[in-house]
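# Coordinates in review
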Amino acid sequence: MTGQFRYVTPVEEQSATGRVAEVYAQLADDFGMARMAVFLTLSPSPEVLAATWAMLRESLLAGEEPRAAKEIVAVGVSMANRCPFCVAAHTTLLHATGDHRLAETIAAGGTPADPRHAELLAWAKSRRRTPEIGPEHIGTALTFHFINRMASSLLTENLLPANLQKSRLVRSVGGRAMARVVRRRLSPGESLSLVADLPTLPEPAWGTGTAVGTAYAALRAVAGTGGELLGESARAAVTGAVAAWDGEHPPMGNAWLDGPLADVPAGERPGARLALLAALAPYRVTDADVAAWRGSRTDEDLVRLCAFGAIVATERAETLITTGRGEAFAAGALSGDRS
């Protein structure tokens with residue numbers, strides 16, 4: 001598939017109905033645009049789309065914390081996850097907050113002058129616990145651990161034609177165009193009606209009683225159902241490997257997949273491989289990986305399987321950044337050492 005979309009055909013705005021149409025309407029009102037590639041690529045699965053939007057809205061867009069601070073977290077996580085699409089988009093949105101120097105300092109790999117901004121950027125990149133980080137910042141970080149993986153798995157890295165997002169001028173102009181919408185203060189909770197009838201899990205301790213906590217509980221439940229597309233052995237292989245993840249990128253090449261997949265039956269291995277790539281190295285998903293699993297499966301199935309890998313990794317990131325339990329990397333899980 002040409003353009004931004006690698007493997008799915010999005011539901012276009014004019015043909016959207018039901019939950020998809022409702023999400024698109026909130027996107028247009030609260031984000032300032034209905035055609036956002038990340039959400040378009042999720043649209044074949046209305047439930048994943050709605051839960052992802054609710055998580056983004058309630059963490060990044062709504063609440064009391066300054067939008068610029070949360071955009072710093074979004075950019076920092078996206079840098080750590082090697083998601084150039086999201087880095088470019090949220091650098092532009094940092095411009096929209098009005099702090100053009102801050103946006104370009106971060107884009108150039110520099111350290112913000114403001115100590116709090118510098119602390120948030122370092123935390124977002126580190127995947128480690130830091131005291132005095134509140135629910136909106138944690139929620140934003142987890143939102144982008146999930147979204148980065150979906151974007152890297154299913155989209156190209158081109159935010160704009162001819163990679164125009166790499167131009168400082170284009171980022172600045174784009175930010176100015178978005179400024180009015182970005183600088184509005186949104187009331188929490190208005191997306192939750194879109195997920196009220198969907199499966200949910202208990203709210204996290206860090207977000208209990210907050211709209212972002214409710215949204216995260218829904219995202220975990222909805223995205224987790226994608227594991228139903230895998231056999232028991234394949235599902236266990238993915239969750240086991242991710243449970244051992246220390247937050248770092250896997251070694252170069254794909255030999256690191258051999259250990260986790262060694263005991264998975266051959267017929268289940270393509271799905272396990274794709275889900276594990278979506279979890280730990282989504283930027284390495286290839287046409288061959290998708291084709292090996294897909295067969296006659298639908299766009300919705302593909303979105304749901306990638307969402308399963310993405311949420312398993314996001315839950316592991318949650319453990320690392322909220323409890324500080326950064327255990328030593330279980331080398332055997334990814335190196336093939338099964339002793």
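Our subject is the structure listed above.
Cut-off values and rules
- Residue positions within a chain follow its written sequence, with the count starting from 1.
- Only residues with pLDDT of at least 70 are given local features in this predicted model, and only at 80 or more are side-chain atom pairs given and counted; all residues enter the totals for whole chains, interfaces and linings.
- As a rule here, side-chain values cover all heavy atoms of the structure and leave hydrogens and water aside.
- Salt bridges, as used here, are contacts in which a Lys or Arg side-chain nitrogen is within 4 Å of a carboxyl oxygen on Asp or Glu.
- Helical segments are the DSSP runs of H or I of at least four residues, strand segments are the runs of E of at least two, and each set is numbered from the N terminus.
- Here's how the labels work: a residue is buried when its accessible area is under 20% of the maximum for its type, exposed when over 50%, partly exposed in between, all with a 1.4 Å probe on protein chains only.
- Residue contacts are defined here by distance: any two heavy atoms, one from each residue, within 4.5 Å place the two residues in contact.
- Buried and open spaces are told apart on a 1 Å grid over the protein atoms alone, a cavity being a set of points where a 1.4 Å probe fits but cannot get out and a pocket being an open set with protein on both sides within 12 Å along at least five of seven lines. Residues with an atom within 4 Å of a point are the lining residues.
- Grid points are joined across faces, edges and corners, and a volume is the space filled by probe spheres set on the points.
- Gly falls in the polar group here, along with every residue not listed as nonpolar (Ala, Val, Leu, Ile, Met, Phe, Trp, Tyr, Cys, Pro) or charged (Asp, Glu, Lys, Arg).
- Here, the arc refers to the directions that run from the helix axis to the C-beta atoms.

## Let's talk about the pattern of salt bridges
Summed over all chains, the structure comprises 12 salt bridges. The residue Glu136 makes a salt bridge to Lys70 at a minimum N-O spacing of 2.9 Å. Of this pair, Glu136 sits in helix α8 (residues 135-154) while Lys70 sits in helix α4 (residues 67-80), and the two are 66 residues apart along the sequence. Across the pair, Lys70 and Glu136 agree in class, each one buried.

## Some points on the environment of Pro10
Summarising the element assignment, Pro10 is placed in the segment before α1 (18-31). You can call Pro10 buried: its relative accessible area is 12%. The spatial distance from the C-alpha of Pro10 to the C-alpha of Ala37 is 8.8 Å, given a sequence separation of 27 residues. The contact partners of Pro10, leaving out residues within four places of it in the chain, are Phe5, Leu40 and Ser43.

## Observations regarding empty space enclosed by the protein
In the structure shown here, the tally under the stated rule is two cavities of 30 Å³ or more. Taken as a whole, the largest cavity holds about 70 Å³ of empty space. Secondary structure elements with two or more residues in the lining of the largest cavity: α8 and α13 (269-280). Top contributing element to the lining of the largest cavity by residue count: α8, with three residues. Taken together, the residues of the lining of the largest cavity break down into six nonpolar, five polar and three charged. Approximately 30 Å³ is the volume found for the second largest cavity. Around the second largest cavity, the lining residues are Val77, Trp123, Ala124, Arg127, Ala141, His145 and Ile321. When residues of the lining of the second largest cavity are traced back to their parent elements, those giving at least two are α7 (115-126) and α8. Split by residue class, the lining of the second largest cavity holds five nonpolar, one polar and one charged.

## Focus on helix α14 (residues 287-294)
Restricting attention to buried positions, one finds in α14 the residues Asp289, Val290, Trp293 and Arg294. Mapping the buried residues of α14 onto a view down its axis gives an arc of 115°, with all of them on the same face. Those residues of α14 that are exposed and angled more than 90 degrees off the buried face are Asp287, Ala288, Ala291 and Ala292. As for α14, its buried residues are in contact with α13 and α15 (299-322).

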